[in-house]
Each structure stands twice: as C-alpha cells, then as structure tokens.
Amino acid sequence: MSNLNRELTVAYDQKYNQHPWLPGNVDAIPIERAEGIYFYDFNGKNISICLVSFLV
C-alpha cells in the first residue's frame, strides 16, 4: 500500500487534476485501491464501475 491518506489524495487531486464533468464544487471520490471492476474508497466502501467504457 502507499503512504497516501484520504486528505493527501484529495489535495493532490484538487491541485493536479481537472474534472470538467463534475458540476460546481463537487469533489471527486478519492479511491484507495481497485480490484477488477471494483474500486474501494478510504472507508473500505466498494464501488462497482459499470460505465468505464464510456469514459475511454
């Protein structure tokens, strides 16, 4: 695992990434890890991503 925590991940995201699909001041979901089609946030919640092919 990396040394990044949720707060540092969010700070890096806000500093280095653009999210033109997000309206206003909505934050992206910080992801800690991924396994197959599942992404996991820093609270351990698993998020299934079904629409990834639309973003490629």
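The text that follows walks through the structure, step by step, so that each part is easy to find. (Residues numbered from 1 in each chain as written. Predicted model: local features only at pLDDT ≥ 70, side-chain atom pairs only at ≥ 80, totals over all residues. Heavy atoms only, no water.)

### Description of the packing of aromatic side chains
Reasoning step 1: Enumeration according to the criterion identifies one aromatic pair in this entry.
Reasoning step 2: Ring geometry for Tyr12 and Tyr16: centres 6.1 Å apart, planes at 65°, overall edge-to-face. Within this pair, Tyr12 and its partner Tyr16 are both found in helix 1 (residues 6-16), separated by four residues, close to a single helical turn.
Reasoning step 3: Across the ring face of Tyr40, the terminal group of Arg33 is positioned such that the distance to the ring centre comes to 4.0 Å. (Phe/Tyr/Trp six-rings, centres within 6.5 Å; stacked < 30°, edge-to-face > 60°. Helix = DSSP H or I, 4+ residues; strand = E, 2+ residues; numbered from the N terminus. Lys NZ or Arg CZ within 6 Å of the ring centre and 35° of its normal.)

### Some remarks on the pairing of strand 1 (residues 31-35)
Reasoning step 1: The sheet contact formed by strand 1 and strand 2 (residues 38-41) spans four bridges and is antiparallel. Residue pairing in the sheet places Ile31 in a bridge with Asp41 of strand 2.
Reasoning step 2: What sits between the antiparallel neighbours strand 1 and strand 2 is a turn of two residues, in which Gly36 has the positive phi angle 65°. (Pairing = 2+ DSSP bridges.)

### A word on the sheet that holds strand 2
Reasoning step 1: Overall, antiparallel pairing links the three strands, which are arranged 1-2-3 in an open sheet. The open sheet terminates on both sides in strands that have one partner only, identified here as strand 1 and strand 3 (46-48). Across the sheet, the mean angle from the axis of one strand to that of its neighbour is 30°, orientation sign disregarded.
Reasoning step 2: Summarising the sheet, strand 2 and strand 3 pair through three bridges and their orientation is antiparallel. Of the residues in strand 3, the one forming a bridge with Tyr38 is Ser48. (Axes fitted to C-alpha atoms, helices over the stretch in contact; angles between N-to-C directions.)

### Brief notes about the pattern of salt bridges
Reasoning step 1: Taken as a whole and assessed by the stated rule, the structure comprises one salt bridge.
Reasoning step 2: Of the charged contacts in the structure, one is a salt bridge between Glu35 and Arg33, with a shortest N-O distance of 2.5 Å.
Reasoning step 3: Residue class for Arg33 comes out partly exposed when judged on its relative accessible area of 29%. (Salt bridge = Lys/Arg side-chain N within 4 Å of Asp/Glu carboxyl O. Buried < 20%, exposed > 50% of the residue type's maximum accessible area, 1.4 Å probe, protein only.)

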